[in-house]
Amino acid sequence: MSEKNILEMQKISIQFPGVKALDEVDFSLKEGEIHSLLGENGAGKSTLIKCLTGVNSMDSGKILLDGHEIKPSGPNEAMQLGISTVFQEVNLCPNLSVAENIFVGRQPMKRGGIDWREINSRASELMSRFHLDIDVTRPLSYYSTAIQQMTSIARAVDVKAKILILDEPTSSLDENEVQLLFNVMRDLKAQGMGIIFITHFLDQIYAVSDRMTILRNGHLVGTYGINELSKVELVTKMVGKDMDVIFNLKRAEVAPDAEYMLKAEHIGDASHINDISINLKKGELIGFAGLLGSGRTETAEMLFGASKTVKGEIFVNGKQIVIHQPFDAIKADIAFCPEDRKRDGIIGDLSIRENIMLAVQSRKGFMKPMTRAEQTELANKYIKLLGIATPDCEKKAGELSGGNQQKVILARWMAAQPKILILDEPTRGIDIGAKAEIQRLMLEMCGEGVSVIFISSELDEIIRCSNRIIIMRDREKVAEVDGSSCTQQDILKIIAEGAA
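The structure displayed is predicted, hence computed values, not measured ones. (Residues numbered from 1 in each chain as written. Predicted model: local features only at pLDDT ≥ 70, side-chain atom pairs only at ≥ 80, totals over all residues. Heavy atoms only, no water.)

Caption draft 1: Just the overall build of the chain, in detail. The helix and strand inventory of the chain stands at 18 helices and 22 strands. Viewed in the frame of its principal axes, the chain has a C-alpha envelope of about 70 × 50 × 50 Å. Each of the 500 residues in the chain was classed as buried or not, and the buried ones make up 54%. Counting every atom, the chain has about 22,300 Å² of accessible surface; 47% of that belongs to carbon and sulfur. Seen as two clouds, the 59 positive and the 69 negative side-chain charges of the chain have centres 3 Å apart. (Helix = DSSP H or I, 4+ residues; strand = E, 2+ residues; numbered from the N terminus. Buried < 20%, exposed > 50% of the residue type's maximum accessible area, 1.4 Å probe, protein only. Areas by Shrake-Rupley, 256 points an atom, 1.4 Å probe, with all protein chains shown as cover. Lys, Arg positive; Asp, Glu negative; His and termini not counted. Charge placed at Lys NZ, Arg CZ, Asp CG, Glu CD.)

Caption draft 2: Quick peek at unusual backbone geometry. Phi is positive for lysine 11, which is not a glycine, with a value near 50°. Its location among the elements puts lysine 11 in strand 1 (residues 5-16). Despite not being glycine, arginine 475 shows a phi value in the positive range, around 65°. On the secondary structure map, arginine 475 appears in the loop between strand 21 (468-473) and strand 22 (476-482). Look at arginine 475 and you get partly exposed, because its relative accessible area is 33%.

Caption draft 3: Spatial organisation of the sheet that holds strand 18 (residues 334-337). A sheet is described by the order of its strands in space; here six strands give the open sequence 18-19-20-15-21-22, paired in mixed fashion. A strand with exactly one partner marks an edge of an open sheet, and here the two such strands are strand 18 and strand 22. Averaged over all adjacent pairs, the angle separating strand axes in this sheet is 20°, with direction ignored. Pairing between strand 15 (residues 285-289) and strand 21: four bridges, direction parallel. Note that in strand 21 the partner of glycine 287 across the bridge is isoleucine 469. Here helix 10 (residues 296-304) sits on the sheet in contact with strand 15, strand 18, strand 19 (420-424), strand 20 (451-455) and strand 21, set at roughly 145° to strand 18. (Pairing = 2+ DSSP bridges. Axes fitted to C-alpha atoms, helices over the stretch in contact; angles between N-to-C directions. Contact = heavy atoms within 4.5 Å.)

Following this line, the structure appears as structure tokens:
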């Protein structure tokens, strides 16, 4: 890592209606450095990056790139200056090939037409730098999320970026894919590129970063070398509370004679899941553990009717039901918060109020609309209950931070008062404080008699919250263990060996 600052952001301030998003924040990035930008959702990380890339206009402050002041008017101008961003949600064109995605908008030309041989050759060369031997002429949608992320990075590298911003790039990757990404980051660092790394995974911060800058409520807490703070100290500075206070959670208590709210017996779908059985008691929280692709999400989608069940039987509250579509599940008091909140959950152009009202209005029927005053009252109730950071309920949901969007989805289903709540990765891509809040809400709902299925890739939170844990591998249920007595090592061993 060089001692030369490639980027300096000095006294950056920006005010939005009703909130000071950044208050004289300083940030610097050295040549050949991986620098983690940390903080809770709403701390100001995204706002700082948007100032750097020209999405937001600063009220005051100065940005220096290689010692020269810059004022990018938008992401395209920032990219021309050598600042490129790879977002948490892959913003590419799935119907185009890998090569086309890398060169879209700047295709090499020959004799008045696109030089496809050059595009495909350069794309293959770029991907091979990332140790990926793939067919770059295939559609991007053919490949995993990890390959799609690498395509975004390849595009950034090819436009000769000096600075690469990685915004939650690992949130949808498995462990092997994360290590592949880290190897790429280290290669780019060795070539002198400065990398700003935004993540909520503490282990990853310490695995790959040189320095870290912490923001809280729009203020700079400080910049530290990676060995200057322990994980506990880091969390305390991010949240302003001790870690023991943050995760002071009590697992739901389930009466031995509690009734079964959900029984799924030997259910399967057309292609993914063959034979899964689940028994969920009233007020119980069952966790689903397993690697990405193990069948956790597919099972949840079957229970909610998002994918078709072709075998087996489902009973809710002792009564057999047939779930052809999500509306059948909603009528049976089943709610589902999906993994991809932007694609399947939040409707970004609708207000918080409108997003929260969707499930309630669906149950009431659209011939019995709630008045605007009733909607506002209900929305404000859940905004206050869940601590959603917003000036009012009319703010567009798409303008909220990831953690607050997740809370809006939770509010939608809590307002519908389900008996069974299925949560698929509800804490993915959100900060540690928001994770604890959502875990606390889950357990409080269990205490009120709601039965919860909780899917997470983070084993520590599965163990912390679950009464029982179902372990999936290769689209099969391979074990079921007691959440109060198992360890991460127990679960990893079962996943590796395929049986308890």
